[in-house]
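# Observations on chain architecture
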Amino acid sequence: MEYKKAVGVIIENDNEEILLMQRGESTDHDNLKWENCGGRLEEDESFEAAAKREVLEELGVQVANLLEVLDYNSEDGTGRIWHSKVFEVKIIGEPQIMEKDLCKEIRWFKREELRNLDLTIYTKSDFDRLKWL
């Protein structure tokens, strides 16, 4: 069994809106689906450091605070077990698309709008665990 680690970052503004990114048209999976910020941990990286790095890499902004909201293990169907942590954060600065080949659009959504979006499987799973959908 192979073990991997991943982090998800839910960015919320003062209006209680969630920032989501729409995947690009030529990504390797889930094209044009909406997702929260996140990714895999680098070797010897903490979940907290990975969350801050991913936000900076993907959106060009700093994290103001980190609140862990989920910690779970899941199997991906390929024999890998993923240990995932999800953080809710506030950001400093105006987010922008930093990886134009991976991200087509960013947009703020009210929580009640989330159930109507075509979400990536892992973002949908996180929102289901949080009972937002």
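Reading the values: rules and limits
- Residues numbered from 1 in each chain as written.
- Predicted model: local features only at pLDDT ≥ 70, side-chain atom pairs only at ≥ 80, totals over all residues.
- Heavy atoms only, no water.
- Helix = DSSP H or I, 4+ residues; strand = E, 2+ residues; numbered from the N terminus.
- Contact = heavy atoms within 4.5 Å.
- Core = buried A, V, L, I, M, F, W, Y, C linked by side-chain atoms within 4.5 Å.
- Buried < 20%, exposed > 50% of the residue type's maximum accessible area, 1.4 Å probe, protein only.

### Let's talk about the environment of Q62
Along the chain, Q62 falls in strand 5 (residues 62-75). For Q62 and K90, which are 28 residues apart along the polypeptide, the C-alpha to C-alpha distance reads 8.8 Å. In this structure, Q62 is in contact with L56, K90, I91 and I92, ignoring residues within four places of it in sequence.

### Quick look at the nonpolar core
V7, V9, I11, C37, V55, L59 and V89 are the most contacted members of the largest nonpolar core, which has 18 residues in total. A total of 5 residues in this core trace back to one element, the largest contributor, which is helix 1 (residues 47-59). Among all residues touching V9, those that are not within four sequence positions of it are N36, C37, A51, V55, F87 and V89. In this structure, I18, L20, L70 and L130 belong to the second largest nonpolar core, which totals 13 residues.

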